[in-house]
Amino acid sequence: MSTGNRLSDNPPRVEKLAQMLHFQDKAVVSRMLVKNAGGSVTLFAFDAGEGLSEHTAPFDALVIGVEGRADIVLGGAHHALGAGDTLLMPANVPHAVNPLEPFKMVLVMLRSPADAAK
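Residues numbered from 1 in each chain as written. Predicted model: local features only at pLDDT ≥ 70, side-chain atom pairs only at ≥ 80, totals over all residues. Heavy atoms only, no water.

Colleague: Just to check I follow, could you spell out the pattern of salt bridges for this structure?
Modeller: When the charged atoms of two side chains lie near each other, side chains of opposite charge can form a pair. Going through the model one piece at a time under the given rule, you end up with three salt bridges. For the salt bridge of Arg13 with Glu15, the shortest nitrogen-to-oxygen distance reads 3.0 Å. Here Arg69 makes a salt bridge to Glu101, at a shortest N to O gap of 3.3 Å. Of the two residues, Arg69 is situated in strand 5 (residues 69-74) and Glu101 in the loop between strand 8 (95-99) and strand 9 (103-110); the sequence distance between them amounts to 32 residues. Judged by relative accessible area, which is 44%, Arg69 ranks as partly exposed. (Salt bridge = Lys/Arg side-chain N within 4 Å of Asp/Glu carboxyl O. Helix = DSSP H or I, 4+ residues; strand = E, 2+ residues; numbered from the N terminus. Buried < 20%, exposed > 50% of the residue type's maximum accessible area, 1.4 Å probe, protein only.)

Set out below in structure tokens:
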């Protein structure tokens, strides 16, 4: 996967998501895998007890669990997310990520064509 802004920045290769980013004590770490006008793909690693407080995003997003478990609060509803699970988060809906143990996830931000043109 590309670590630059375009898919063509690096030659294609198969990688293991769980091994691309490591947990750090009492921290949230991230690695941007792809970013372009259509959106972005970011891998996150959360230590247990570290998360993201409630916020909104202007774009639809897809969360994909990679390792561990988390409670994701979306519009006030709780969703249990584990490895291999996905959750679609609509734009502008408040959400928070609360890891129940060390947790890794991929966040795919999907910009609409109108947003990408800006």
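From this point, things continue past the structure.
Colleague: Any chance you could explain the packing of aromatic side chains here in plain terms?
Modeller: Aromatic ring pairs: the centre-centre distance and the angle between the two ring planes describe each pair. The tally for this structure, following the rule as stated, stands at two aromatic pairs. Aromatic side chains Phe44 and Phe46 sit 5.9 Å apart centroid to centroid with 20° between the ring planes, which places their arrangement in the stacked category. For Phe44, a relative accessible area of 14% corresponds to the buried category. Following the ring pairs from residue to residue traces out a cluster consisting of Phe44, Phe46 and Phe103. (Phe/Tyr/Trp six-rings, centres within 6.5 Å; stacked < 30°, edge-to-face > 60°.)

Shape descriptors only; they carry no functional weight alone.
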